[in-house]
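# An overview of the molecular structure
Residues per chain, in single letters:
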Amino acid sequence: MTTTTKSNILDGRRVANEIQDEIKKRVDELKEKGKKTPHLAAILVGDDGASQTYVNNKIRACKKVGYEYTLMNYPATISEEKLLAQVDRINKDEDIDGLIVQLPLPDHISSTKVTEHISPEKDVDGFTNLNYGRITSNHPGLMPATPYGIAELLKRYDVPLKGSHCVMVGNSRTVGAPMTAILSYQELATVTVCHKYTKDLASHTRRADILIVATGVPGLVKGDMVKEGAVVVDVGITRVASDEHERGYYLKGDVEFEEVKEKASLITPVPGGVGPMTIASLLLNTLRATEMRIERQ
Ligand code: GUN
């Protein structure tokens, strides 16, 4: 067994702060040159506590780097038609550079329809078909934020991706599928994709040099499912009800952290791993969208 210290933590919070400092400098330069200040708009529908927290964290990050921001809050009863009209309005707003619609949306609204309605130039979550498809082009567009953040985190810790065997557990459209495309196409890794129909999951995860888990099943990956020395990235963040915690819940990832950290050479904590990197990517995408807009003018 490896003796572990805090040094095997992939500290997403630290790296995200580093990226935010870099962005702040760039924003100050733009302001000095009399150029446009990046402006992010966020749409939040309903009053789901977790979604509110995520959006508030995004707004706080905007304030920190000096972006302008607009938060639009709609009741869960808003019609799909009205929501699409709001997206249209923001698409046309010359002052807004980036738009996110926080997911999930209420059942009567199609998230695919709404996200696909966002102009690809303002799609700073990288959710539209165009930006997704452009991962495999020589001119990538705005990159899907969570996978982009994970790739950036691994690079800043000098984790070799080229030729490494990455095992992706989860094939969602927002994380697993674009992560697979980035790793295999852009980073030239060898990728195995597992999902809920995969037989004998452990036989795959045990072969991973880099194991990325995004299933939303808390504690799915146990210590005996991980190779000694593997790099482990946990995308899961589930609120687990608990009387022992003041808030009435605690946050748990898809990986049994205490067991797996004994074997991993590097591992992301939950919270403080992937979450802050998703926000950093959102800010990077918003900066890129602004700079592309300045170039077009
Ligand atoms: N819901 C969970 N993660 C995300 C995200 O990265 N972006 C948006 N818009 N909604 C989410």
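Our subject in this report is the structure included herewith. The structure presented is a predicted model; accordingly, all values stated were derived computationally and were not measured.

## Comments concerning the packing of aromatic side chains
Going through the model one piece at a time under the given rule, you end up with 0 aromatic pairs. For the cation-ring pair, Arg 173 lies above Tyr 132, with the distance from its terminal atom to the ring centre recorded as 4.9 Å.

## Focus on the side chain of Gln 102
Positionally, Gln 102 belongs in the loop between strand E3 (98–101) and helix H4 (111–117). At 2.8 Å, the side chain of Gln 102 forms a polar contact with the side chain of Lys 58. Setting aside anything within four residues of it in sequence, one finds Gln 102 in contact with Ile 43, Leu 44, Ser 51, Tyr 54, Val 55 and Lys 58.

## Some words on the environment of Asp 254
Tracing the backbone shows Asp 254 in the loop between strand E9 (249–252) and helix H9 (257–260). Judged by relative accessible area, which is 0%, Asp 254 ranks as buried. Taking the C-alpha atoms as reference, Asp 254 lies 29 Å from Thr 286; in sequence the two are 32 residues apart. Not counting residues up to four positions away in its chain, the partners in contact with Asp 254 are Val 213, Ala 214, Thr 215, Gly 216, Val 217, Pro 218, Gly 219, Leu 220, Val 221, Asp 234 and Gly 236. Engagement of the side chain of Asp 254 in a polar contact is seen with the backbone nitrogen of Thr 215, the distance being 2.6 Å. A distance of 3.0 Å separates the side chain of Asp 254 from the backbone nitrogen of Gly 216, its partner in a polar contact.

## Here we look at the nonpolar core
Ranked by internal contacts, the top residues of the largest apolar core, which has 52 residues, are Leu 10, Ile 23, Tyr 67, Ile 150, Leu 154, Ile 210 and Ile 212. When residues in this core are grouped by element, the largest group, 9 residues, is from helix H10 (residues 274–296). Ignoring any residue separated from it by four or fewer positions in sequence, one finds Ile 23 in contact with Val 65, Tyr 67, Ala 280, Leu 283, Leu 284 and Leu 287. In this structure, Cys 194, Leu 211, Met 225 and Val 260 belong to the second largest nonpolar core, which totals 18 residues.

## Some remarks on the environment of Glu 116
Take Glu 116: it is sitting in helix H4. In the structure, Glu 116 is positioned 60 residues away from Gly 176 in sequence and 19 Å away in space, judged by C-alpha atoms. Aside from chain neighbours lying at most four places away, what touches Glu 116 is Phe 127, Thr 128 and Asn 129.

## Here's the deal with the layout of surface pockets
Estimated volume of the largest pocket: approximately 1,600 Å³. Taken together, 49 residues make up the lining of the largest pocket; nearest its centre are Tyr 54, Gln 102, Ile 237, Gly 275 and Thr 278. Top element by residues in the lining of the largest pocket is helix H2 (residues 49–65). It accounts for 9 residues. A class-by-class count of the residues in the lining of the largest pocket yields 22 nonpolar, 18 polar and 9 charged. As a volume, the second largest pocket reaches approximately 170 Å³. What lines the second largest pocket is Val 169, Gly 170, Asn 171, His 195, Lys 196, Tyr 197, Thr 198, Leu 201, Thr 215 and Leu 220. Residues belonging to the lining of the second largest pocket are distributed by class as follows: 4 nonpolar, 5 polar and 1 charged.

## Some words on the site of the ligand
Near the ligand the following residues occur: Lys 58, Val 101, Gln 102, Leu 103, Asp 125, Phe 127 and Thr 278. Gln 102 is positioned with one of its side-chain polar atoms (N or O) 3.2 Å from a nitrogen atom of the ligand. Taken by itself the ligand offers 280 Å² of open surface, and the protein chains cover 75% of this. At a threshold of 2 Å from the grid points, most atoms of the ligand map onto the largest pocket. Across the shell around the ligand, the residue classes break down as 3 nonpolar, 2 polar and 2 charged.

Cut-off values and rules
- Residues numbered from 1 in each chain as written.
- Predicted model: local features only at pLDDT ≥ 70, side-chain atom pairs only at ≥ 80, totals over all residues.
- Heavy atoms only, no water.
- Phe/Tyr/Trp six-rings, centres within 6.5 Å; stacked < 30°, edge-to-face > 60°.
- Lys NZ or Arg CZ within 6 Å of the ring centre and 35° of its normal.
- Helix = DSSP H or I, 4+ residues; strand = E, 2+ residues; numbered from the N terminus.
- Polar contact = N/O pair within 3.5 Å; in protein donor to acceptor, adjacent residues only side chain to side chain.
- Contact = heavy atoms within 4.5 Å.
- Buried < 20%, exposed > 50% of the residue type's maximum accessible area, 1.4 Å probe, protein only.
- Core = buried A, V, L, I, M, F, W, Y, C linked by side-chain atoms within 4.5 Å.
- 1 Å grid on protein atoms, 1.4 Å probe; cavity = no way out; pocket = protein on both sides within 12 Å on 5 of 7 lines; lining within 4 Å.
- Points joined across faces, edges and corners; volume = space filled by probe spheres on them.
- Nonpolar A, V, L, I, M, F, W, Y, C, P; charged D, E, K, R; others polar.
- Near = heavy atom within 4 Å.
- Areas by Shrake-Rupley, 256 points an atom, 1.4 Å probe, with all protein chains shown as cover.
- Sits in = over half its atoms within 2 Å of the grid points.

Shape descriptors only; they carry no functional weight alone.
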